[in-house]
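# Fold and geometry: a report
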Amino acid sequence: AQSVAQPEDQVNVAEGNPLTVKCTYSVSGNPYLFWYVQYPNRGLQFLLKYITGDNLVKGSYGFEAEFNKSQTSFHLKKPSALVSDSALYFCAVRVAMDTGRRALTFGSGTRLQVQP
Amino acid sequence: NAGVTQTPKFRVLKTGQSMTLLCAQDMNHEYMYWYRQDPGMGLRLIHYSVGEGTTAKGEVPDGYNVSRLKKQNFLLGLESAAPSQTSVYFCASSYSQSPYEQYFGPGTRLTVT
């Protein structure tokens, strides 16, 4: 089955330290991978995507993600965390549906808490 | 631009009642989506539309119906609400050229008692 997994419900990091939010995937064919962020009481916002090309993808707000095909992972990273980065982060992967069309399937989310 | 808006923001229903959630977007996006968000389960796709007058089922379509009579609007209906439909509902939209870069509305919190 095609899916995406986020193994950590919550990640805690001190402000100024590097952060990593983990994501692994299982798809047939080439993966299309995405990260979205959700701030409190808001809808999701697109952060970045990997379709093809360089394994290190840069996105909004200083975030980047590293695609690792051998480990089937797409971890989200930031060199120096800010308190304002505290939010819920979702990894997503494109999957094929029964209709033949493709859609996003989301992981369960990881809450990032950055302490001052 | 308002982006993606959803009406209402909150609603409480009794089991068996019906309601319609309205989503509107002013970005001229071709594609629109309805998701539900439940704790620990991420977002799950209910229905989606790739253009005016067309709709298709997502992962969890049972108990919901949708309509896209105008390009800018996407309606989600619950004909007979059940407690299992208590959730936060998100609408999203995207261009057809980049269907996975979706713009989300602020959500509707629905409680069914």
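Refer to the structure above for everything that follows.
I will try to describe carefully the structure that is included in this document. (Residues numbered from 1 in each chain as written. Chains lettered and ligands numbered in written order. Predicted model: local features only at pLDDT ≥ 70, side-chain atom pairs only at ≥ 80, totals over all residues. Heavy atoms only, no water.)

### A short note on the pairing of strand 10 (residues 87-96) of chain A
On any regular strand, side chains alternate: one points to one face of the sheet, the next to the other face. Residues and elements named next belong to chain A. Where we set the bar: Buried residues are those whose accessible area, probed at 1.4 Å on protein chains only, stays under 20% of the maximum for their type, while exposed residues exceed 50% and partly exposed ones sit between those limits. A run of H or I in DSSP becomes a helix once it reaches four residues, and a run of E becomes a strand once it reaches two; helices and strands are each numbered from the N terminus. Strand pairing is assigned whenever DSSP detects at least two bridges linking the two strands.
The buried fraction of strand 10 is high, at nine of ten residues. Pairing of strand 5 (residues 33-38) with strand 10 involves six bridges; the strand directions are antiparallel. Each bridged residue has a counterpart across the sheet, and for Q38 the counterpart in strand 10 is L88. Bridge count between strand 10 and strand 12 (residues 110-115): three bridges; the pairing is antiparallel. Bridge assignment links Y89 to a residue of strand 12, and that residue is T110. Where strand 10 and strand 11 (residues 102-106) come together, five bridges link them in antiparallel fashion. Counterpart to V95 in the pairing with strand 11 is A103.

### Some points on the packing of aromatic side chains
As a reminder, the rule being used: Pairing of aromatic rings covers Phe, Tyr and the six-membered ring of Trp, with a centre-to-centre limit of 6.5 Å; geometry is then stacked below 30 degrees between planes, edge-to-face above 60, and tilted otherwise. For a lysine, the NZ atom is tested; for an arginine, the CZ atom; a charge sits over a ring if that atom is within 6 Å of the ring centre and within 35 degrees of the ring normal.
One pass over the structure, following the stated rule, counts 15 aromatic pairs over all chains. A connected cluster of aromatic rings, assembled from ring pairs, spans Y36(A), F46(A), F90(A), F106(A), Y33(B), Y35(B) and F104(B). Between R94(A) and the ring centre of Y32(A), over which it is positioned, the NZ or CZ distance is 3.7 Å.

### What to know about the interface of chain A and chain B
In many analyses, interface size is given as the accessible surface area lost on bringing the parts together. Counted only if it meets this: Any two residues whose heavy atoms approach within 4.5 Å at even a single point are treated as in contact. Buried area: the accessible area, evaluated with a 1.4 Å probe, that two parts lose upon being put together, summed over both parts. Basic side-chain nitrogens of Lys or Arg form a salt bridge, by our definition, when they fall within 4 Å of a carboxyl oxygen of Asp or Glu. We call two N or O atoms a polar contact when they sit within 3.5 Å, provided that within protein one can donate a hydrogen and the other can accept it, with sequence-adjacent residues counted only if both atoms are side-chain atoms. Amino acids outside the nonpolar list (Ala, Val, Leu, Ile, Met, Phe, Trp, Tyr, Cys, Pro) and the charged list (Asp, Glu, Lys, Arg) are all regarded as polar, and Gly is one of them.
In this complex, chain A contributes 23 residues to the contact, which on the side of chain B involves 19 residues. Carbon and sulfur atoms make up 59% of the area that chain A and chain B hide from each other, which totals about 1600 Å². For the pair chain A and chain B, the number of links is one salt bridge. Measuring nitrogen to oxygen at the nearest pair gives 2.5 Å for the salt bridge that ties E101(B) to K49(A). At the junction of chain A and chain B, the tally comes to four residue pairs in polar contact (both at pLDDT 80 or more). Looking at the side of chain A that touches chain B, the elements with two or more residues in it are strand 5, strand 6 (44-50), strand 10 and strand 11 of chain A. Its residues assigned to classes, the side of chain A that touches chain B shows eleven nonpolar, seven polar and five charged.

### Quick notes on the state of the cysteines
Residues and elements named next belong to chain A. Selection criterion: Whenever a pair of cysteine sulfur atoms sits within 2.5 Å, that pair is classed as a disulfide.
Tallying each qualifying case throughout the model produces two disulfides over all chains. Two residues share a disulfide in this structure: C23 and C91, whose sulfurs sit 2.0 Å from each other. Given an S-S torsion of about -65 degrees, the disulfide between C23 and C91 has left-handed geometry. Separated by 68 residues along the polypeptide, C23 in the loop between strand 3 (19-21) and strand 4 (24-26) and C91 in strand 10 bring together distant segments of the chain.

### Focus on the environment of L13(B)
Residues and elements named next belong to chain B. Tracing the chain through its elements places L13 in strand 2 (residues 10-13). Here the alpha-carbon distance between L13 and V112, two residues 99 residues apart in the chain, equals 4.7 Å. Other than its neighbours up to four places away in sequence, L13 contacts S18, M19, A81, L110, T111, V112 and T113.

### Some words on the side chain of D38(B)
Residues and elements named next belong to chain B. By secondary structure assignment, the location of D38 is in the loop between strand 4 (31-37) and strand 5 (43-51). On the basis of relative accessibility, which here comes to 10%, the residue D38 falls in the buried class. The residues contacting D38, other than those within four sequence positions of it, are R44, T86 and S87.

### Digging into the sheet that holds strand 3 (residues 19-25) of chain B
All names here are of chain B. Applied cut-off: Every axis in this analysis is a line fitted to C-alpha atoms, fitted for helices over the stretch in contact. Angles between the N-to-C directions lie between 0 and 180 degrees.
Taken in spatial order, the four strands make up an open sheet running 1-3-8-7, and their pairing is antiparallel. Because the sheet does not close on itself, it has two edges, and the strands there are strand 1 (4-7) and strand 7 (65-67). In this sheet, neighbouring strand axes are inclined to one another by 20 degrees on average, regardless of whether the strands run parallel or antiparallel. Judged from the three bridges that link them, strand 7 and strand 8 (residues 73-78) form a sheet pairing that is antiparallel.

### Some words on the pattern of salt bridges
Two side chains that carry opposite charge are able to pair once their charged atoms sit near each other. Per the stated rule, a full pass over the model turns up six salt bridges over all chains. Close ionic contact of K58(A) with E64(A) constitutes a salt bridge, the shortest N to O distance being 3.0 Å. On the accessibility criterion, K58(A) (62% relative accessible area) is exposed. One network of salt bridges, in which partners are shared, links R36(B), D38(B) and R44(B).

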